[in-house]
Amino acid sequence: MSATDLARVDVPTINWAAAADELTALKAERLAVGLAAEYRHLTDTSDAAFAALACAHPEACSCDDDYPNWTPGGAR
């Protein structure tokens with residue numbers, strides 16, 4: 001490891017603290033956005049009508065047999 005390599009990783013603690021503060025703020029922001037989206041979903045007055053579409057039109061629904069080689073969520 002050269003002196004240049006060490007210079008890249010040897011940073012003052014204040015830099016690490018600032019980065020941690022930024023990540024904490026970002027996490028709080030994303031949590032707030034997610035909670036707001038979930039609240040909108042839970043209070044959506046058309047959600048029941050949307051869910052009923054599958055019952056009213058079963059021919060438009062799919063099942064596992066329609067996609068024999070598909071893995072939900074993709075290959076992991």
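Rules of the game
- Residues numbered from 1 in each chain as written.
- Predicted model: local features only at pLDDT ≥ 70, side-chain atom pairs only at ≥ 80, totals over all residues.
- Heavy atoms only, no water.
- Helix = DSSP H or I, 4+ residues; strand = E, 2+ residues; numbered from the N terminus.
- Rg over C-alpha atoms; globule rule 2.2 N^0.38 Å.
- Buried < 20%, exposed > 50% of the residue type's maximum accessible area, 1.4 Å probe, protein only.
- Areas by Shrake-Rupley, 256 points an atom, 1.4 Å probe, with all protein chains shown as cover.
- Lys, Arg positive; Asp, Glu negative; His and termini not counted.
- Charge placed at Lys NZ, Arg CZ, Asp CG, Glu CD.
- Expected span 1.5 Å × (residues − 1).

### Section: the overall build of the chain
- Counting its secondary structure elements, the chain contains three helices and zero strands.
- Reading the chain from its N terminus to its C terminus gives the helix and strand order α-α-α.
- For 76 residues, the compact-globule estimate of 2.2 N^0.38 gives 11 Å, and the chain exceeds it by more than 25% at 24 Å.
- Judged by the C-alpha coordinates and their principal axes, the chain covers about 70 × 35 × 10 Å.
- The buried share among the 76 residues of the chain stands at 0%.
- For the chain, the accessible area works out to roughly 7100 Å², and carbon and sulfur atoms hold 62% of it.
- Both charge centroids of the chain, one from 5 positive and one from 12 negative side chains, sit 9 Å from each other.

### Quick look at helix H2 (residues 13-42)
- Between its first and last C-alpha, H2 extends 43 Å over 30 residues, near the 44 Å set by a 1.5 Å rise per residue.
- H2 sits mainly on the outside: zero of its 30 residues count as buried.

The analysis is restricted to geometry; functional conclusions fall outside its scope.
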